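Results of the structural survey
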4 protein chains.
Amino acid sequence: MRHLGAEITALVPGECEIQVPFREELTQQHGYFHAGVTAAIADSASGYAAYGLMPANSTVLTVEYKINLVAPAAGELLIARARVLRSGKTLKICAADVFVVKEGNETLCATTLSTIMAMQDRSDIAAGS
Amino acid sequence: MRHLGAEITALVPGECEIQVPFREELTQQHGYFHAGVTAAIADSASGYAAYGLMPANSTVLTVEYKINLVAPAAGELLIARARVLRSGKTLKICAADVFVVKEGNETLCATTLSTIMAMQDRSDIAAGS
Amino acid sequence: MRHLGAEITALVPGECEIQVPFREELTQQHGYFHAGVTAAIADSASGYAAYGLMPANSTVLTVEYKINLVAPAAGELLIARARVLRSGKTLKICAADVFVVKEGNETLCATTLSTIMAMQDRSDIAAGS
Amino acid sequence: MRHLGAEITALVPGECEIQVPFREELTQQHGYFHAGVTAAIADSASGYAAYGLMPANSTVLTVEYKINLVAPAAGELLIARARVLRSGKTLKICAADVFVVKEGNETLCATTLSTIMAMQDRSDIAAGS
């Protein structure tokens, strides 16, 4: 996230917003934000949203996500807004929308649905989910 | 892709392999390859696999993908292998597996299913898919 | 849909609601609505929502969907509400939520993201999407 | 499954095959197998494949799946073949392919990726996953 210049701009249990300002290195061939950046901040925002509903000492693991890229991410700022749809003991189901801001106007450029797992300790990760 | 140090290591119409050697900058907090890298090379390999089955002058657009992260990407090399499952005129459906290589052994760390669109010219992108 | 006893209860271009009252034949072993019913009405509602934004003589084709089943569908009525998130010329991206109603209270039991294709004539289907 | 006339035709731990012969009631408007049937047998085959790798007294819960419908399911028989890609303690990640058989020839008509949860007892279901 640091590498991308991403910043958490809002965070409450079950919700998170992450922003990334435009930088040349984050673009693909047409000068838009790269889809990899879009997916990465949607995933991170979902993870933080879920983490806020987990017990202390939990580790967050993204089990899977699905992303629809619905419009080119052409603009000066990318904003991911994630929320937990369902908070189970082991699994949190999250949705995130990613908007691109161009001259002050937000456009939806991607949307994700993801499954996040709360791991109680690191040894579980080694053993597999 | 260049940014990640990724390299196409095999390419025939309908199939593509991409490799990324380990680098400190590509890791998350536990020293594994970051999930964003895994997703990005699976997506790129799928796009190249699909592109080989499209008419000249096509532009490749990832409509959506779903990824399951099935094991930590702990190792010295990441390999994405993509293949086109179904090649329609407008849409190509692709599957990709990502393996991590540790001391010579390959382990499946992620698998994706994606929908790739062939765009005939750039103006279509502006108009929306 | 008829087979399931499903009914369209709201329909405007880009949005659709479908309801299915409880019936013994639609349940799984615990007496909840079967996940297949949940998925089927979410898919149908998405298709109708998309169809309302297509030119006349279009055929609707579900390219793919992803569903998260977030709670048991225990109740007397199932309601799917779908909306088009992005309406491209060829593809419509839709989200649908499915709620189960028990003693008057709605609970989210599933959510989907789907890609719907507008086909201009039947011959396209035979030739592949 | 009984309702659909579906039958388990192969079952070993981690793998399952389910078949459904053609019946008028399982079709959509063009006389093909309905997508709901395709999705249902892919989901069931995945669940049984996963179940074979779980401890006794486990309950199988489909957390989520993604399906790509890649060709019309036109034929006399539908076959779903599922396998577990990754068997964690809590979660099993499964892939399933669905083939339609027409005059003896198999064609891939759908493919799924799913996340299946092993629940140790029923009370967990009530409490949420």
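Residues numbered from 1 in each chain as written. Chains lettered and ligands numbered in written order. Predicted model: local features only at pLDDT ≥ 70, side-chain atom pairs only at ≥ 80, totals over all residues. Heavy atoms only, no water.

**Here we look at empty space enclosed by the protein**
How we decide: Only protein atoms enter the 1 Å grid used here, on which a cavity is any set of points holding a 1.4 Å probe that cannot leave and a pocket is any open set flanked by protein within 12 Å on both sides along at least five of seven lines; residues with an atom within 4 Å of a point are listed as lining. Grid points are joined across faces, edges and corners, and a volume is the space filled by probe spheres set on the points. Numbering goes from the N terminus for both helices and strands, where a helix is a DSSP run of H or I of at least four residues and a strand is a run of E of at least two.
The final tally for this structure, using the stated rule, is 1 cavity of 30 Å³ or more. Considering only enclosed or pocket space, the largest cavity measures out at about 30 Å³ in volume. Along its surface, the largest cavity is lined by His 34, Ala 35, Gly 36 and Ala 39 of chain C together with Ala 39, Ala 40, Asp 43 and Tyr 65 of chain D. Those elements that provide at least two residues to the lining of the largest cavity are helix 1 (35–51) of chain C together with helix 1 (35–51) of chain D.

**Things to note about the interface of chain A and chain C**
The cut-off we apply is this: In this analysis, two residues are considered to be in contact whenever any of their non-hydrogen atoms come within 4.5 Å of each other. Note: buried area is the sum, over both parts, of the accessible area (probe 1.4 Å) each one loses when the two are combined. By definition, a salt bridge exists where a carboxyl oxygen of Asp or Glu is found within 4 Å of a side-chain nitrogen of Lys or Arg. Any pair of N or O atoms that falls within 3.5 Å is considered a polar contact. Within protein, one atom must be able to donate a hydrogen and the other to accept it, and sequence-neighbouring residues count only if both atoms are side-chain atoms. Only Asp, Glu, Lys and Arg are considered charged, only Ala, Val, Leu, Ile, Met, Phe, Trp, Tyr, Cys and Pro nonpolar, and every remaining residue, Gly among them, polar.
Contact with chain A, which involves 13 residues of that partner, is made by 13 residues of chain C. For the chain A and chain C pair, buried surface summed over both sides reaches about 1200 Å², with 67% attributable to carbon and sulfur atoms. In this structure, the connection of chain A to chain C is made through 2 salt bridges. Run the count over chain A and chain C and you get 6 residue pairs in polar contact (both at pLDDT 80 or more). For the side of chain A that touches chain C, the secondary structure elements donating two or more residues are strand 3 (59–69), strand 4 (77–87) and strand 6 (105–119) of chain A. Counting residues per element, the side of chain A that touches chain C draws most heavily on strand 6 of chain A, which supplies 5 residues. Across the side of chain A that touches chain C, the residue classes tally to 6 nonpolar, 4 polar and 3 charged.

**Structural notes on the relation of the copies chain D and chain C**
Rules: Superposition of the copies was done by least squares, using only C-alpha atoms of residues whose pLDDT is at least 70 in both.
The two copies are related by a screw motion: chain D maps onto chain C through a turn of 180° and a shift of 0.0 Å along the axis, at an RMSD of 0.0 Å. Here the transformation between the copies is reduced to the relation of a two-fold axis. When C-alpha distances to the rotation axis are compared across chain D, the minimum falls at Lys 66 of chain D, with a value of 2.0 Å.

**Thoughts on unusual backbone geometry**
Across residues other than glycine, the phi torsion is negative in most instances, and most of the peptide bonds are trans. Applicable threshold: Exposure classes here rest on a 1.4 Å probe applied to the protein chains alone. A residue is buried below 20% of its type maximum, exposed above 50%, and partly exposed in between.
A positive phi angle is found at Glu 103 of chain A, which is not glycine, with a value near 45°. A relative accessible area of 70% places Glu 103 of chain A in the exposed class. The phi dihedral of Asn 57 of chain D is positive, around 75°, even though this residue is not glycine. What makes Asn 57 of chain D exposed here is its relative accessible area of 66%.

**Quick word on the pairing of strand 3 (residues 59–69) of chain D**
Convention followed: By the convention used here, strands pair only if DSSP detects at least 2 bridges between them.
Of all the 11 residues making up strand 3 of chain D, 9 are buried; the element is thus mostly covered by neighbouring parts of the structure. Looking at chain direction, strand 3 (residues 59–69) of chain C and strand 3 of chain D are connected through 5 bridges and run antiparallel. Residue pairing in the sheet places Ile 67 of chain C in a bridge with Tyr 65 of chain D of strand 3 of chain D. Where strand 3 of chain D meets strand 6 (residues 105–119) of chain D, 10 bridges bridge the pair, whose relative direction is antiparallel. Within strand 6 of chain D, the position partnered with Asn 68 of chain D by the bridge is Thr 111 of chain D.

**A word on the relation of the copies chain A and chain C**
The two copies are related by a screw motion: chain A maps onto chain C through a turn of 180° and a shift of 0.0 Å along the axis, at an RMSD of 0.0 Å. Comparing interface residues between copies, 100% of those in chain A also lie at the interface in chain C; the contact surface is shared.

**Points about the sheet that holds strand 5 (residues 91–102) of chain C**
The following threshold applies: Whenever a helix is involved, its axis is fitted only over the stretch in contact; in every case the axis is a line through C-alpha atoms, and angles between N-to-C directions fall within 0 to 180 degrees.
In spatial order, the strands read 1(C)-2(C)-4(C)-5(C)-6(C)-3(C)-3(D)-6(D)-5(D)-4(D)-2(D)-1(D); together these 12 strands make up an open sheet with antiparallel pairing. Both edges of this open sheet fall to strand 1 (7–12) of chain C together with strand 1 (7–12) of chain D, since each of them pairs with a single strand only. With strand direction ignored, the average angle separating the axes of adjacent strands in the sheet is 20°. The pairing of strand 5 of chain C with strand 6 (residues 105–119) of chain C spans 12 bridges and is antiparallel. Within strand 6 of chain C, the position partnered with Ala 95 of chain C by the bridge is Leu 113 of chain C. Of the strands in this sheet, strand 1, strand 2 (15–21), strand 3, strand 4 (77–87), strand 5 and strand 6 of chain C together with strand 3 of chain D are in contact with helix 1 of chain C, which crosses strand 4 of chain C at around 40°.

**Quick word on the pattern of salt bridges**
Using the criterion set out here, one finds 21 salt bridges over all chains in the structure. The shortest N-O distance in the salt bridge between Lys 66 of chain B and Glu 64 of chain D comes to 2.9 Å. Of the two residues, Lys 66 of chain B sits in strand 3 (residues 59–69) while Glu 64 of chain D sits in strand 3, which places them in two different chains. Judged on exposure class, the residue Lys 66 of chain B and its partner Glu 64 of chain D are both buried. A single salt-bridge network, built from bridges that share partners, covers Glu 64 of chain A, Lys 66 of chain B, Lys 66 of chain C together with Glu 64 of chain D.

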